[in-house]
Structures are given as C-alpha cells and as structure tokens.
Amino acid sequence: MIIELSNVTKNFSGFEVPAVNKVSFGVEAGQIVTLLGPSGCGKTTLLRLIAGLERPSDGEIVIRGERVASKDSWIPPEKRSVGMVFQDYALFPHLSVEENVGFGLKDKKGSKAKILETLELVGLASQVKKYPAELSGGQQQRVALARALVRDPAVVLLDEPFSNLDMSLREKMRRDVTRIIRKSNATAIFVTHDQEEALSISDKIIVMNEGKVEQKGTPREIYEIPETTFVASFVGQSNLVDGIIDSDGKSVITDLGTFSCQHQHTKGKQPGDKVTISIRPNSLKVDPQGSIEGIVEDVLYKGDITDIVVRVSLDEKTYNLLVHVNPERIIKRGDEVSINIMPTCVAGVAK
Amino acid sequence: MKAESQITVDYNGNKQRYISAALSAVFMGLGQLFNKQYIKGSIFILYTLSLLFTTVDKFASSLKGLVTLGTTPIEDHSLFLMIEGIVAAFLLLVIIGIHLFNVWDAYKNGQKIDLGEEVPSLKGSIKNLTDNFSAYLYIGPGMLMMLVSVIFPIIFTVLIAFTNYNINNLPPGNIISWVGFRNFTDLIHLASWRATFVRVFSWTVVWAVLSTFMSYATGLFLAIVLNNPKIKFRHIFRTVMMISWAIPGFISMLIWRGLLNVRFGHINRMLTSIGFEAIPWLNEAMWARVSALGVNLWLSFPFTMAVCLGLLQSIPGELYEAATVDGATGLQKFKSITLPLVLKQLAPLLIMQFAMQFNNFGIIYLLNNGGPARFGAAGNAGDTDILISWVYKLTLEVMRFDYAAAVSILIFFMVGGFSIWQFVRTKSFKEEELVQ
C-alpha cells in the first residue's frame, strides 16, 4: 500500500457533524482511486487531509510507509511527496508554463530537463514560454498536471479536475489525463461528484456520503452490487423496491415479483427479513408480454436513449419505475405499457 | 423610372457635385442654389452676408490684438486683448467649420443629382440635420462648459508663458509683449533662477518618488499584516487605520503644523519633557522635508492600504495552497505570488499616485508654506517647495506670471511624459485580461 488511511476524522469548529468521519482505506501503487460523493460529503476535505493542507482531528495517514499525520506526528505538505491539481488549476498567472511547472523544483540546474520531459509527457513541450491566460482550459489543466507530476510524487491528488471544462472537452481530458497518469506510473486520487467519470477512469471507487465511506470497490462492483440505497441511487439510476427475503434465504419477494439476489448483501439475512432491492433502468424492458402493467408518466428523450417513467399502481402502493427504452420506439405520455424485469440484474441493498 | 434616371445620369455626368462644391467654397450658399435648394442656399447666403457686414472688422481687430497685445498703455489692456483674441480665434474656427459643412453639403447633394436621386427639400434637410447631428446638440452644452472652464484657461496659461507678463510689466500701465521662448531659456541661463529651478525640481522628484514609495510600502505591509486571519481584532485595527483618511486632509495638515511647532508643538514638548532636545521640525531644511514626508505618509497610506487589502483578497487561496504543496516557504510565497500579483495590479495606481504627489500643493502649502524660507532664493522658493507650490509663489508673491506659466508647462510635460511612458511600459494595460 502506498497510502493508508485509518479512522481519519476531521471536525471543523462550529460544525457538529464531522466533515470526515472515521474513514479508512488503502491505495496501491499505480492505482487510480476516485473519491465519489455529492457536494459536501467530505471528499475534498479528505483530499486536503492527505495533501497536508488540513490536519486530521483523529486517525492517521501513512504515505510510503511514513506516518505523515496522526495525533502525535505531522509532516508538512511539501515533504509528503504529493502533487496536487486544484479545481481551478491554481496556475500562477504571472509565471510562464515552464516557470509554473518548475515552481517546486529546488535543484535549478537539473530541473530544466525534468520540466521539459514532464511537459513532453503532457503534450505541451511547444508551449513552454506561454502564460496561463494564453492557453485553453484543457492546456491549463495539463500544465497543472505537469506541475503535480514533475517532482515524481508518491501520489497525485486531483480535486474535481474536469468540472470547469465543457462537455466535449471533458471526455477528451478524462482520457488524456488518465493516459498520462498511467504512463508515468503515478498513483492518483481523484475527487469527483460525477459518477460517470468515476466509473470510467478508476481502478477503485470510494463512495462517500456525509463524511463516511458508503462503499469501496471496483467500478463494476459499485455499479452492479451497490451495498446501500445511497450508492444504488447515487451511482447510476436505480429503482428501489422494498421486499422481504423468501424462505430459501436468497430470493426477495416484492410487490413486483420475486427476484433471486445472489449477491452477498442479502446474506446473513433470515427469511422474512425486510430488504430493499435495486433494479437498474436497463434491466427493465417494455415488452407486450410483460407481467407488470403501467401508464407512462413522463418521457425524457436523451438522444441515444429515452428514459420513461412508468406508474405502476398495485393494490396498496404506487411505483414510479424508470425504464430505459430504445429511442426509436415512439412512446407518448399516457400510453399503457407492459414491462418485464430481468431477474438476474437485481441487487439487494442494505437500507 | 429606371430608364429615366439613367438618362439623367448621362446628361449630368459627374460634374454637378464638383461644381456645386466649388461654388460653395467660393461663396457659401451658391452651391446649394446650383443644386436647386433655393431656401437653404438663401439662408447660407444671408448668414454669410451678415457675417461680412457686421463682424469682419471686429474679427480683424481682435486677431490683430492677439498679435500685438496692444499699442498704447492704459488704453489697451494686453490681457483682455489676449482673451478676446483667443475667443475670436475660436469663433473663427467655428465659422470655418460651418463653411466646410456647407461645402460638404453642396457636394453631397450634387452627388445625389449626379446619381439621379432626388435632392431633399428644406424640410428633409432639417430632418436630416436633426437625425444625424442631434448627438452633437446633446453634448454641445457640456463641450461648451469644457471649453470655457478647461480649454480657455489652459490656452491662456500657455500663451502667458511666451510673454513678459510679470511685475515689471503689469497691464494696463504697460503693454505686454511676446518674447518667444525667453522665459524657458531664462530658467536655464540666469544663474540664480537656474539654481532655484534645479533645486526645486530635484526636491520635487525626490518628494514624489519617496512619498509614493513610502505610502505603498507602508500600505502594502499593513494590508498583509491585517489580512492575516491570525491577527486578533483585525477589523478594529483596519477601521482605526482608516481614520486619517476619513478626516478632511487640510484640517489634519493644520493640526500637524501645530503639533510640529518647534516651541509650542506637543511633539517637541513631549521630547523635551523626557530629556531630549527640541527638534526643529519645520524650521530646518532637512527636518522640514522629513516632516512633510511623514505627514504625507500619515495622510496617504490608508488609501493604499485599502487598495492593497482589496487586491490581496482577490488573490485566490488555491495559489498559496499550490505553492505550499510545492514546498514554498512563507517568504517565497510573498516574493513569488503576493508581490508580483499585487504590483501588477497596482502599477496604474502607482503612476496616478506619482503624478498626484508631484503636484501635491496642499500639504506643502498648508504644513509649512514651502518653508523654511531661504535667503536670496529666486521666486521665494523655500526648502520644501515643490514646483507647483513654487508656481503659486511666483504668481501671488512675486508676480512672475511669465515664469510661473513656463514652469507650469514644464510640469505638464514632465508629469504627462512620465505617465505616458509608464502606461506604455507597464504591461498591465496590454495584458490586462491576462492577469485576471
């Protein structure tokens, strides 16, 4: 493990709830890890704790085997071997690209070659003399990345690095930045609130909510086997349905039918226990033979896909189910449709 | 219709516009008559005739007065003749402007005839005029005010600098005459004037540079200190520091004058009561200069502090964090982030401040009246006198209006030249959008 956090807690004076609450996780060398969560969940604070811009109230942080922050030890940011890319890039406006990248290098003689090498890596070798304001958003981003990488840090911390870019550039920069990070064998921790971004770039995602870790795992695990209702609804879209565990201990009986959940989250539950299951909108199909009937409440055309909300009224309850349909299919509000659920794609989640 | 207009073009060629313009140039209104705009042409002709019959001799005498500045003392007052002459010259410019407009109008309408278009009637012409020239009508009063209150006095001063209007030559008893550049050369060639001019000029430069620099150094230092969140009660300190800015400057200057009085001032009383010798704050050249600089600093740093505080708060905190992660110490952060970013934004203000201090008449005059006085100095220039306060003495104390005007022009060129040079040199204007 190149970075290990155990029970890291941060209280800000004036706030009752800790911004970061007993967070523990480890990052392996060369991994790209994403801290994912809604705004105010403590992910940026956690990043600043790792960088050394904040002191933890409790717990400890270990980087490359060295305890950098705990109750009785403190190593300042510049000695932690971390590089940081800020949300607004924080480039020095009065320094050229070259000077920005070389800002933290102490050895001025050897640094020239290193600066060029790093700028080469990010593809800006031709822009060394330019000033930040003369560069595009994507280029500024890459200068910030070069500045973070130039000192060969143990870990690069990136705080919402793509949130200032427009949609089309964001996609490209995501690919570029992850490629550069992988090429330089750096370990990286991203902070983002964009679940799509987290899923596409990470080796490991840590989902946070209200200062706590909700779930950690690979993108596939996070999406397919959400452990909590929060993860199920925050990462991707989800239909949450209450039910109880059947006598076999695996299947879940709901108003919409009985589904077999083979995932571990339902294990340890006794038959008859109440659980919630998550059904992804793409596990629902509009199908004339479908067993569930409802009325289309809303149609949201998104180009590559159409989301429809189907109101299913059963004896006691009404469900509004989100269903992905092929946009070629013309569906209008008020249409009566039948839908089918693919039972294998259902995950049971803890409440 | 189209064929008809084609024929008209062929018939007239391109000549109408040139002929009518030439006619109008020779005598206003003729071109308009040639363009068959009879009413407009008649108005122009009437206007010209009335000018010719009523004002030609007045113009001639006024302009002649401007050139000769009078011939018989008592009867002719040179200054009035000069002012009349300036006004006449301005009116002449207006008349020339109207004449050019008249030629342009004849040309435009001639062109319309050439192209076979219809020439507007009088009603149309008036509508045209109000449509296109109403903007001038609105700014007219403002321009006139500017002319009377700004431009005329400046021209008057500039003209005085080329005359011998001084205590030996006071109208109406004497006739002032034009002397060319003699006032300027006198300031260089006459030994006593040269010595005084050089002394006052050098002190002015030292004064402007030092007071600007001190004000900014102090303001920036205090702003940085007060911007530090670790300082307790910094809002109270900030407010207290602003007080000297809030009190009307001339009152505090007069109070300082009292405080610094060598015999009765509180500062010297305090010094003597604890065993020091009294310091001649306002009575010895060096101390008087120190006092002037000190009091000026006291008056001016709150403004620069306020500006610097604003600038400091506009520097994003992320920059400092980025520098921290990169291992910059506090001093390095100040040197490579705070100072360059603040100075870049301050540059235009520094220039303004310099120009203001260069001409800071108020403090020099009110604190010490330019004193201590110096025996034998040309034009009564005291030891703390700067150019502008010397100009004041030159006019009101020794009545060397000619030299005063010449020095004023020199000040204008120095401050103006310096400002332009600085504005061009500091990139803050070129790269304004880059810094933000």
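Model, not experiment: these values are computed from the prediction. (Residues numbered from 1 in each chain as written. Chains lettered and ligands numbered in written order. Predicted model: local features only at pLDDT ≥ 70, side-chain atom pairs only at ≥ 80, totals over all residues. Heavy atoms only, no water.)

Attention now goes to the domain arrangement of chain B. All names here are of chain B. On domain assignment, one finds that chain B holds domain 1 (16-180) and domain 2 (184-425). With centres defined by C-alpha atoms, the gap from domain 1 to domain 2 works out at 46 Å. Facing the 12 residues of domain 1 at the interface are 10 residues of domain 2. Summed over both sides, the interface of domain 1 with domain 2 buries roughly 820 Å², with 72% coming from carbon and sulfur. (Domains from an automatic or database assignment. Contact = heavy atoms within 4.5 Å. Buried area = accessible area lost by both parts, 1.4 Å probe.)

In this section: the domain arrangement of chain A. Residue and element names in this part refer to chain A. Here chain A is described as being made up of domain 1 (3-224) and domain 2 (229-350). Look at where the C-alpha atoms of domain 1 and domain 2 centre, and you get two points 37 Å apart. Counting residues at the interface gives 14 residues for domain 1 and eight residues for domain 2. Interface of domain 1 and domain 2: buried area, both sides summed, is about 950 Å²; carbon and sulfur atoms make up 69% of it.

Residue and element names in this part refer to chain B. In this structure the tally under the stated criterion is 27 aromatic pairs over all chains. When the ring of Phe361 is compared with that of Tyr365, the centres are 5.1 Å apart and the planes differ by 15°; the resulting orientation is stacked. Of this pair, Phe361 and Tyr365 both sit in helix α15 (residues 361-368), four residues apart, which is roughly one turn of that helix. When its relative accessible area of 29% is taken as the criterion, Tyr365 is described as partly exposed. One Lys or Arg, Arg289, reaches over the ring of Trp203 and ends 4.7 Å from the middle of that ring. (Phe/Tyr/Trp six-rings, centres within 6.5 Å; stacked < 30°, edge-to-face > 60°. Helix = DSSP H or I, 4+ residues; strand = E, 2+ residues; numbered from the N terminus. Buried < 20%, exposed > 50% of the residue type's maximum accessible area, 1.4 Å probe, protein only. Lys NZ or Arg CZ within 6 Å of the ring centre and 35° of its normal.)

Residue-level contacts link 23 residues of chain A with 16 residues of chain B. Both sides together, the interface formed by chain A and chain B hides about 1800 Å², and carbon and sulfur atoms give 65% of it. At the boundary of chain A with chain B, the tally comes to two salt bridges. Between Arg48 of chain A and Glu321 of chain B there is a salt bridge, with the nearest N and O atoms lying 2.4 Å from each other. For the pair chain A and chain B, the interface holds four residue pairs in polar contact (both at pLDDT 80 or more). Residues of the side of chain A that touches chain B, tallied by class, amount to 12 nonpolar, four polar and seven charged. (Salt bridge = Lys/Arg side-chain N within 4 Å of Asp/Glu carboxyl O. Polar contact = N/O pair within 3.5 Å; in protein donor to acceptor, adjacent residues only side chain to side chain. Nonpolar A, V, L, I, M, F, W, Y, C, P; charged D, E, K, R; others polar.)

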